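Spelled out from the first residue to the last, the chains are:
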Amino acid sequence: MSEKGFRKVAGLSELREKGVMVVKGGRYGIALFYSEGDVYAVDNRCPHLGFPLHMGSVKDGILTCHWHNAQFDLCSGGTFDPFADDVPVYPVAVRDGEVWLNPTPTHTGAVERAKERLERGMEQNIDLVVAKAVVSLLDLSVSPKEIVCQGALHGARYRQAGWRSGMTILAAMANAYETFDEVGRVHALYEGLRHVSSDCAGQAPAFRLQPLANDGVDTVTLERWFRRFIEARRADGAERALLTAIQTGVDAQTLTRMIFNAATDHFYRDGGHVFDFSNKACELLDFIGWQHAGEILPTLVAQLATSSRSEEMNSWKHPIDLVTPLLETFDQLPDTFGAGAGEVWTNAAPLVESLLGDDPLASFEAISEAIRLGAQPAELGRALTYAAAVRIARFNTRNEFDDWISVAHTFTYANAVQRALERLGTQDGVEATRAVFHGAVAIYMDRFFNVPPARLPWERRRAREEQLKESPAPQSPLVDGALQERLFGLLDARDNADEAEELVYNALGKGNDAVVWQALGSAMLREDVEFHTFQVFEAGYRQYTSWERESPALNGLDPRVFLMAVTRYLAAHSPTMRQAPFIAEMARRLQRGDALDIDQGYQAPHS
């Protein structure tokens, strides 16, 4: 036989007698089966967990893997059990009593198949299938942008209720993607995608409205309509106005202004989640491309329209009326910014001190005074985020465990405010600056979580020095594997928040910040972390790594606070069962060809 690509691999009589043989080919060997007069060839590793399929059984054209009883059509390789995936099959031919094999799988187009596998895994909410698809796509050099885009569009199309925590996790992991090592990047994408999949499971798919058949309406009118419908809690009208703006070619800057201004028309909507989710949607579009705005941005509308409004809550009115002075302050915002035009803000420390104080009215005045001194919206957001990070870094572990969520909400909201105001700039950010005042109230309400305040590592060191009357011997910064190993050891036990902070603090310096963040990222991704931990990590990472680009007003503040906040929060939420990372690691090992089935393992022939 001389057909191109085929080679002789076995005698037919021997195969008939044995029923199954393993020959060289593929990555793991190829199993030849003789069944009911025909010869079949399949990859010899079960696509579920890698069990050798030659150790399975065939009956009535169905191949059964004996490890988890996954079953496959022997001819096509298609599985009857979605958790298992399809198994690759190979062309075979019998000539003159000899079996010939083409070691190229029948189904080509590896990238397309991996993308189909990802979509199938997300549709059926099967974590292992999602993880294996991520590993395959990265091995095939598919960009993280493409992978994130596929997951984001799935989340937008298959959840009528709109944006949820899974989309935020996906955006956060995309933002922090570069800080992870090779293994961490697999885990990061997998975590984002699996949470999107989980959010969509059992939900009604999205049936999006259509834009208005009116391409002549101006941008100002569309923005006014959008905010009017949000005000009236009319998600349908707001969605059509937004889609019309997108269809008419409104730029990204205007779209974001529409959304953030509407988000701040009422106070601290849904405990800050509305603003946070809106910011993450914009960051997600930065990553995958704003050409997808028509699918991503409408996912925000339902929550934006129906969200709670904090000015209606008793805690914002009693025992201190915070609503009335804020409304009066907001009326004066344009004039306040006008008074600061041309000024350069030089010192953010007094504002941060006021934000962390016990007088919310004084913090409102401190923000306004900073504006009159020339503070720009993004600078105010940066100071707000710094103060919120201090709340986490000084969180007293005697508080109830659930109270961590409160300080996490405030910090991630403040990060969203800073990122949004930086995007909007001074001219478009005036109205959205109301979010800074809302955040100031949240920081004020978190004040009791710092009573008494936990000491920062450098404060603990000074206290020891005073006690010893001398400086301790200097420590060399831990780098690379040593830092990660020590950090993992601390996070394997509870109540090591102070020790973990000390370790990270001692590791800083000599240009190894990237190593520290990579170690923290690896520590996070080996846990079954929940939504807020992803948020805190990404917010701290983004704030710390962009700090030096900011204004001189921030020079008196120590950005290490962000690292301490992330470390303290992560340590408080470790260890966990670590089931999700285990699944991701199994997928990686399967792709690598590791034997997971039995101790002695089955060593497939190498081609």
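One structure accompanies this document, and this report is about it. Because the structure is a prediction, the values reported are computed rather than measured.

Reading guide: rules and limits
- Residues numbered from 1 in each chain as written.
- Predicted model: local features only at pLDDT ≥ 70, side-chain atom pairs only at ≥ 80, totals over all residues.
- Heavy atoms only, no water.
- Pairing = 2+ DSSP bridges.
- Helix = DSSP H or I, 4+ residues; strand = E, 2+ residues; numbered from the N terminus.
- Axes fitted to C-alpha atoms, helices over the stretch in contact; angles between N-to-C directions.
- Contact = heavy atoms within 4.5 Å.
- Core = buried A, V, L, I, M, F, W, Y, C linked by side-chain atoms within 4.5 Å.
- Buried < 20%, exposed > 50% of the residue type's maximum accessible area, 1.4 Å probe, protein only.
- Left-handed = near helix turned anticlockwise from the far one by under 90°.
- Nonpolar A, V, L, I, M, F, W, Y, C, P; charged D, E, K, R; others polar.

Some points on the sheet that holds strand E7 (residues 71–73)
The three strands are arranged E5-E6-E7 in an open sheet whose pairing can be described as antiparallel. Here the strands that pair on one side only, and so sit at the sheet edges, are strand E5 (57–59) and E7. On average, each strand axis in the sheet is inclined to that of its neighbour by 25 degrees, with strand direction left out of account. Relative to strand E6 (residues 62–64), E5 runs antiparallel, the two sharing three bridges. Residue pairing across strands places valine 58 opposite leucine 63, the latter belonging to E6.

What to know about the environment of glutamate 585
Its location among the elements puts glutamate 585 in helix H26 (residues 579–592). Each C-alpha atom of the pair glutamate 585 and alanine 31 lies 26 Å from the other, and the pair is 554 residues apart in sequence. Beyond its immediate stretch of four places on either side in the chain, glutamate 585 contacts Val183 and His187.

Thoughts on unusual backbone geometry
That bond from histidine 318 to proline 319 is cis: its omega, 5 degrees, falls within 30 degrees of zero. Within the secondary structure, proline 319 sits in the loop between helix H12 (301–306) and helix H13 (323–331). Here the amide bond leading from serine 574 into proline 575 is cis, since omega sits at -5 degrees, within 30 degrees of zero. With respect to the helices and strands, proline 575 occurs in the loop between helix H25 (560–572) and H26. Residues other than glycine seldom take positive phi values, yet arginine 233 does so here, at roughly 60 degrees. Structurally, the position occupied by arginine 233 is in the loop between helix H7 (219–231) and helix H8 (235–247).

Some details on the pairing of strand E9 (residues 98–101)
Two elements, strand E1 (residues 7–11) and E9, share four bridges in a ladder whose sense is antiparallel. Across the sheet, arginine 7 pairs through a bridge with leucine 101, a residue of E9. The sheet contact formed by strand E8 (residues 92–95) and E9 spans four bridges and is antiparallel. Residue pairing for E9: alanine 93 is matched across the bridge by tryptophan 100. Taking the residues that link successive antiparallel strands as the turn, the E8-E9 hairpin has two residues, and the phi of aspartate 96 there is positive, at about 55 degrees.

Brief notes about the nonpolar core
The biggest cluster of nonpolar side chains holds 167 residues, and the ones touching the most others in it are Phe226, Ile296 and Leu520. The greatest single-element share of this core, amounting to eleven residues, is contributed by helix H18 (residues 403–428). Apart from the residues within four sequence positions on either side, leucine 520 is in contact with Leu487, Val504, Phe537, Leu563, Val566, Thr567 and Leu570. Counting 15 residues, the second-largest nonpolar core is a separate cluster that includes Phe33, Tyr40, Cys46 and Leu74.

Comments concerning the packing of helix H2 (residues 110–123) against helix H4 (residues 144–157)
Their axes nearest at 11 Å, the elements H2 and H4 cross at an angle of 35 degrees. Relative to H4, the crossing made by H2 is right-handed. Residues Lys115, Leu118, Glu119, Met122 and Glu123 of H2 form the contact with H4, whose participating residues are Glu146, Ile147, Gln150, Gly151 and His154. Tallied by class, residues from the contact of H2 with H4 come to three nonpolar, three polar and four charged.

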